Number of protein chains: 4
Amino acid sequence: MMKNSIGHIFRLTTFGESHGAAVGGVIDGMPAGIEIDLDRVQHELDRRRPGQSAIVTARDEKDRVKILSGIFEGKTTGTSIGFIVENSNQHSADYDNMRDTYRPSHADYAYATKYGVRDHRGGGRSSARETIARVVGGAFARQALEALGIKVYAYTSQVGDIALDRDYKKYDPAMIETNAVRCPDAQKAEQMYQLISQVKADGDTIGGVITGVITGVPCGLGEPAFGKLHASLGAAMLGINAAKGFEYGMGFDGVSCRGSEMIDLFTRREDGSVGTLTNNSGGIQGGISNGEDIYFRVAFKPVATLLREIETIDCNGEAVTLHARGRHDPCVLPRAVPVVEAMAAMVILDAYLINKTVHL
Amino acid sequence: MMKNSIGHIFRLTTFGESHGAAVGGVIDGMPAGIEIDLDRVQHELDRRRPGQSAIVTARDEKDRVKILSGIFEGKTTGTSIGFIVENSNQHSADYDNMRDTYRPSHADYAYATKYGVRDHRGGGRSSARETIARVVGGAFARQALEALGIKVYAYTSQVGDIALDRDYKKYDPAMIETNAVRCPDAQKAEQMYQLISQVKADGDTIGGVITGVITGVPCGLGEPAFGKLHASLGAAMLGINAAKGFEYGMGFDGVSCRGSEMIDLFTRREDGSVGTLTNNSGGIQGGISNGEDIYFRVAFKPVATLLREIETIDCNGEAVTLHARGRHDPCVLPRAVPVVEAMAAMVILDAYLINKTVHL
Amino acid sequence: MMKNSIGHIFRLTTFGESHGAAVGGVIDGMPAGIEIDLDRVQHELDRRRPGQSAIVTARDEKDRVKILSGIFEGKTTGTSIGFIVENSNQHSADYDNMRDTYRPSHADYAYATKYGVRDHRGGGRSSARETIARVVGGAFARQALEALGIKVYAYTSQVGDIALDRDYKKYDPAMIETNAVRCPDAQKAEQMYQLISQVKADGDTIGGVITGVITGVPCGLGEPAFGKLHASLGAAMLGINAAKGFEYGMGFDGVSCRGSEMIDLFTRREDGSVGTLTNNSGGIQGGISNGEDIYFRVAFKPVATLLREIETIDCNGEAVTLHARGRHDPCVLPRAVPVVEAMAAMVILDAYLINKTVHL
Amino acid sequence: MMKNSIGHIFRLTTFGESHGAAVGGVIDGMPAGIEIDLDRVQHELDRRRPGQSAIVTARDEKDRVKILSGIFEGKTTGTSIGFIVENSNQHSADYDNMRDTYRPSHADYAYATKYGVRDHRGGGRSSARETIARVVGGAFARQALEALGIKVYAYTSQVGDIALDRDYKKYDPAMIETNAVRCPDAQKAEQMYQLISQVKADGDTIGGVITGVITGVPCGLGEPAFGKLHASLGAAMLGINAAKGFEYGMGFDGVSCRGSEMIDLFTRREDGSVGTLTNNSGGIQGGISNGEDIYFRVAFKPVATLLREIETIDCNGEAVTLHARGRHDPCVLPRAVPVVEAMAAMVILDAYLINKTVHL
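This text gives an overview of the structure that appears in the document. (Residues numbered from 1 in each chain as written. Chains lettered and ligands numbered in written order. Predicted model: local features only at pLDDT ≥ 70, side-chain atom pairs only at ≥ 80, totals over all residues. Heavy atoms only, no water.)

**A look at the relation of the copies chain A and chain B**
Thinking step 1. The transformation that overlays chain A on chain B combines an axial shift of 0.0 Å with a rotation of 180°, and the residual RMSD is 0.0 Å. On the angle and the small slide along the axis, the relation comes out as a two-fold axis. (Least-squares fit on C-alpha atoms with pLDDT ≥ 70 in both.)

Next up, the structure:
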């Protein structure tokens, strides 16, 4: 997890800049013998790709994944899986004016200072195009998890001030893909859509919250001390471009509760299994899954690229006026939903595999 | 970071259960030649120790650290630093009734299911006594950071519904240690103190928020993709017992802003250096420090140990009534402040050392 | 180093099977701002490629490397470098008879048992084609090392019973590439060439030893305990296909010496620097480089693919007769020389970067 | 494995200098529920301790291990195991004359150059006392392996020019502990004993070879590419103080064989299982165990501490005469045997646990 890798047993390593030849990665530790539906891998990329709707960037990237290794006759072989997604439809010239200019609240200045050299085109390595590789990694993890009965989904639960006000259990995941916002409440989705459209018309951007849910997780995943399951989930989510916060279970809202309101009492279910009456803990206790649903929320800031004139500085520290060109998302939430799912799937599969080593 | 270690270059590995012989750890990667003031290491432990005030647990643990290696004639040698803190004043018999009983919202059930075997006394490995080792690790990291002009502090910014309502810059860090709550606003601190006292009298518990601040961080710390500085900070904070959420910069509040309100415009300071007019980003852009102050917030739930009768289950799934004995904190916030500081110090030092490898 | 990655700061992760679409990898942690000569990267691959001479396999693979990221305007950007080498000229049908057959002393049986599924074509992931990715990684590392004045070279020092009998210092590295065997002694090279030709004519194979030398290494690389420089070098060399042994300095020969014959006495050189009169230690003492040349030897077994009929078993444990087709090396040494160099370069660069973190 | 840790799932982290307060470590990833016989852990330390016989150093160290965590009611809990062995019987004053002097072929000069600061007493961190922690780690691993039917043993197979000349299968492991040299051939053991005694009388030292054997290893341990089982074993062995070489199977001797002499033909055993007729591969093919015995050899140099006057230099580069005091081993082999076993046990257990993650 130091630089461009995430995970311990199931580990994804990524490469690629926005305007380079390709983005891609290597999946190491994918279990052997899993049948892989490559159409479903591509489907996840299609959910992330630009140009899906009027409220996302109009870039027309095909984002076709090529798998280069690790699969033989339709099944994973247990060896590393290399893949690439070629870049196309880049309008690198759109970025010529940014060669020596640092866009406010972008990584430009920090990268230039850190590395001394910088691919300025489209954000280079700091571009959200890097998440393509995560979506591919997640699509593999997801197919392994499904063989275990574990399901992962996410949805837009807030855009600006428009927020879903009910518990995740009240929403039907089947509704998520019925609208461009990826919100399971059709009415709120429409309001969010209008808000994003308005923001876009203003040349501005808006933030929001994505809720993630993982069902079917067996009790026991996660490790004590520094390998707590929610810490791994949190790191994975915070590593997504534009993420500013992570909470699970009752999260920040729980801080004003008393312990007596918060604790999840145990119950014995009809089938004899043990469960909890409530799930304020969010499916994780002491860092280890307890068999209940895991749910969490990720805050995304409004992206920093505004389609209007902005005062900023160049690499000499001189004041300049920047007018961003290019095609940008007024709100990253709809396209970030599959990224949240992908990261969650990879974290859970990794925790599942690590947990196999607890006993001989 | 898989199990009991955190960090890559500066790495802490911990061991120890609440009622075992000792807790301790190994610090690997501490830079060589740093003069260490062991009194200050002990001082950090004293800030964390029980029995400091009427609003924390009355356990009378001395928590004296013994350094076993890695220091020669007062300086770090660059080799690994082993240390232990012996356990004492344990009342293990207080936990006899928990041998076969799972306390609600504790790790008991998850640990028992995961491992099949469990040290039930005082929570075993899941006890917050494990954070002793973190405080020691952080105390070393802090002394290295100070040589670099980097300072870390944290304070209680919310208990229950009582919250500080101003920016961290408005508070004087020198005020933090003037009250038992570790809150820099004396009036709010007194209200928090009253609330915690009331909650304690009720045999209940209450949560809150700790704000962390890091000043003097040079531009360039943190890595792209999966090593983003805030992702490492978030994982470290979420790994603290009872943490439920993490946000940095504007965090969850920022989601309702527009990009035009949120971006931090650059400015050139009188000394010629580049800075930002605002700091909504929280000192990190694209995962890399930009030279501004880093600030973040960590949500802590009310702890689950209530000093009252609770209905729960035993290891056979049978309903039992539990009356927790032992001496417990009604609110973890005051004692968690030095733990938040310790984790932050270790993450920043690790990022600093990693950043040294970016150039030949 | 768990599965398909090697290194800590400078880390190579590889993928690819012999008859898959491509082999490739990701280089993480390459320092920023290094000018890269891509022709020299390709040159290293050309040294490794089949079909170079009459004594190596006749497969006609072009092995052209495509760099996909991490370089901008001719310089490394400090971000991850993805690359692929497409497979071509595979005669997969040559391997049809091996689908269910386990070749003796190959990885076939062990892979099939471990994974349950196996790409049998050309050895799949266990093929030495995987070393292509290492050569690319090493070619980058080498260009960084050269900026530091560190040079790496290797040569064939033994084939069968024909062995060089003098110290590495007696041979001119400029002679290595003057013959197909990559041996700096022209006369011995000719003898080795004849031996390999004879072995090939017999449908048999032969082993040998490669000597590696690293000059210009500063004092201080390597870590105590488990990160000793020679242990990292050894692991890297032993991880090359067909390697069976590793020794450095006096190695196995030194075991019959007395300490008084073996110790390297210090001397002060004319320029005031400290050195040793002899270098029996091989440039590493206590696991840490001491500024002298590092030299080591790697034993390679005769490869197991014989072009003759062999009795073996199939996946049901039934006896079968196998007649290997395909184009194979009678002796891996000549083509393994650039692989040894590549691995050495990567280990030294990684150690160099880690050593930068020893001081603030 | 970067600095003071080894292993991925089963991971040992060590600390401690020769003349510090204690050496010790943390074992992370020990499987849960394993019954531990602490007397056997101590027994392994007793095999390593000084003062066992007339041919090892006369230092009278008790080396009693204290386990501080991770065991509850006699069983491992799956959480990290902290342990210490206090130093005693140090004669630090014996080393006063080495404060500013660099002993030839020791780590003194390299450490001083690397770190700038150095604990000169008894070699500090570079002392072989550090292997105490490895022996403890290995003793835990061994008890887990035994539950799997895997056994590890090692013996002295060469001292100076006196070498065992037969295959490991010809020797009875029960004979190893019958003599002070730890050699299973009583007659050769006596010759070795005489040689070591003579060398000791001369104030000199002598090297040798230890052979290690691992039986009962299931097929499938080890990983492709960089995680090959023999590469992990090699790194572990080369990381032992004074080790200069590692080979497995036919090793360096095999380089003069032809492939047709070397390959291990398969056979079907009476019980229906698959095996090989010979075992020139040393139980590992393509980096993965094949179910046959694993055997390997480790070369140890004569230690560099001679009990005679030696010309060397001090930290200013000035020539000085050193007369080492202290109590030293004339030959490390007898005491290194349990260290070799410990390292082997840890590597195999780690590989076993990693292999569990290959399938869901």
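**Comments concerning the environment of B:Gly123**
Thinking step 1. Within the secondary structure, B:Gly123 sits in the loop between helix H2 (108-115) and helix H3 (131-147).
Thinking step 2. Measuring from C-alpha to C-alpha, the distance between B:Gly123 and B:Ser273 comes to 51 Å, with 150 residues separating the pair along the chain. (Helix = DSSP H or I, 4+ residues; strand = E, 2+ residues; numbered from the N terminus.)

**Things to note about the interface of chain D and chain B**
By a frequent convention, interface size equals the accessible area lost on bringing the separate parts together.
Thinking step 1. Opposite the 42 residues of chain D that make contact, chain B presents 42 residues.
Thinking step 2. For the chain D and chain B pair, buried surface summed over both sides reaches about 3,200 Å², with 60% attributable to carbon and sulfur atoms.
Thinking step 3. Three residues, D:Phe15, D:Leu68 and D:Phe72, lead the burial of chain D against chain B; their summed loss comes to 19% of the area buried on that side.
Thinking step 4. Linking chain D with chain B are two salt bridges, by the criterion used here.
Thinking step 5. For D:Glu73, the salt bridge identified is with B:Arg99, shortest N-O distance 2.6 Å.
Thinking step 6. The tally of links between chain D and chain B comes to 10 residue pairs in polar contact (both at pLDDT 80 or more).
Thinking step 7. Mapped by element, the contributors of at least two residues to the side of chain D that touches chain B are strand E2 (11-15), strand E3 (22-28), strand E7 (81-86) and helix H2 (108-115) of chain D. (Contact = heavy atoms within 4.5 Å. Buried area = accessible area lost by both parts, 1.4 Å probe. Salt bridge = Lys/Arg side-chain N within 4 Å of Asp/Glu carboxyl O. Polar contact = N/O pair within 3.5 Å; in protein donor to acceptor, adjacent residues only side chain to side chain.)

**A look at the packing of helix H5 (residues 229-238) of chain A against helix H7 (residues 333-355) of chain A**
Each pair of packed helices gets described by two things: the angle between the helix axes and the distance between those axes.
Residue and element names in this part refer to chain A.
Thinking step 1. For the pair H5 and H7, interaxial distance at closest approach is 9 Å and the crossing angle is 145°. Taken as a pair, H5 and H7 cross one another with a handedness that is right-handed. Residues Leu229, Ser232, Leu233, Ala236 and Met237 of H5 touch H7, and the partners they reach there are Val340, Met343, Ala344, Val347, Ile348 and Ala351.
Thinking step 2. The class makeup of the residues in the contact of H5 with H7 is 10 nonpolar, one polar and no charged. (Axes fitted to C-alpha atoms, helices over the stretch in contact; angles between N-to-C directions. Left-handed = near helix turned anticlockwise from the far one by under 90°. Nonpolar A, V, L, I, M, F, W, Y, C, P; charged D, E, K, R; others polar.)

**Some details on the environment of C:Ala163**
All names here are of chain C.
Thinking step 1. Mapped onto the elements, Ala163 comes out in strand E10 (residues 162-163).
Thinking step 2. Overall, the relative accessible area of 24% leaves Ala163 in the partly exposed class.
Thinking step 3. Measuring from C-alpha to C-alpha, the distance between Ala163 and Phe226 comes to 33 Å, with 63 residues separating the pair along the chain.
Thinking step 4. Those residues in contact with Ala163 that sit more than four places away from it in its chain are Ser157, Gln158 and Lys188. (Buried < 20%, exposed > 50% of the residue type's maximum accessible area, 1.4 Å probe, protein only.)

**Topic: the pattern of salt bridges**
Thinking step 1. Inspection of every chain in the model, using the stated rule, returns 88 salt bridges over all chains.
Thinking step 2. Between D:Asp108 and D:Arg103 there is a salt bridge, with its nearest N and O atoms 2.8 Å apart.
Thinking step 3. Taking relative accessible area as the criterion, D:Asp108 reaches 3% and is therefore assigned buried.
Thinking step 4. A salt bridge links D:Arg182 to D:Glu177; the shortest N-O distance between them is 2.8 Å.
Thinking step 5. Salt bridges linked by common partners bring A:Glu44, A:Arg47, A:Arg142, A:Glu177, A:Arg182 and A:Glu341 together as one network.

**Let's talk about the pairing of strand E17 (residues 294-300) of chain A**
Residues and elements named next belong to chain A.
Thinking step 1. When you tally the buried positions in E17, you get six out of seven residues, the bulk of the element.
Thinking step 2. Where strand E11 (residues 208-215) and E17 come together, seven bridges link them in antiparallel fashion. The partner of Val209 across the bridge, within E17, is Ala299. (Pairing = 2+ DSSP bridges.)

**Some details on the sheet that holds strand E19 (residues 319-323) of chain A**
Residues and elements named next belong to chain A.
Thinking step 1. Spatial ordering of the open sheet is given by E8-E18-E19, a layout of three strands whose pairing is antiparallel. The open sheet has two edge strands, strand E8 (101-102) and E19, and neither has a second partner.
Thinking step 2. Here two bridges tie E8 to strand E18 (residues 309-314), and the two strands are oriented antiparallel to one another. In the sheet register, Tyr102 faces E18, and the bridge partner there is Ile313.

**Re helix H7 (residues 333-355) of chain D**
Thinking step 1. Taking 1.5 Å as the rise per residue, H7(D) with 23 residues should run 33 Å; its terminal C-alpha atoms sit 32 Å apart, in good agreement.
Thinking step 2. Of all 23 residues in H7(D), 23 are buried, a share of seventy percent or more. (Expected span 1.5 Å × (residues − 1).)

**Observations regarding the packing of helix H1 (residues 38-48) of chain B against H3(B)**
Residues and elements named next belong to chain B.
Thinking step 1. H3 packs onto H1 with a crossing angle of 135° between their chain directions and a minimal axis gap of 9 Å. Here H3 runs oblique to H1, going by the angle between their axes. The element H1 and its partner H3 pack so that their crossing is right-handed. Taking contact as the criterion, the partners of Leu38, Arg40, Val41, Glu44, Leu45, Arg47 and Arg48 in H1 are, on H3, Thr131, Ile132, Val135, Val136, Ala139, Phe140, Arg142, Gln143 and Glu146. (Parallel < 35°, antiparallel > 145°, perpendicular 65-115°, else oblique.)

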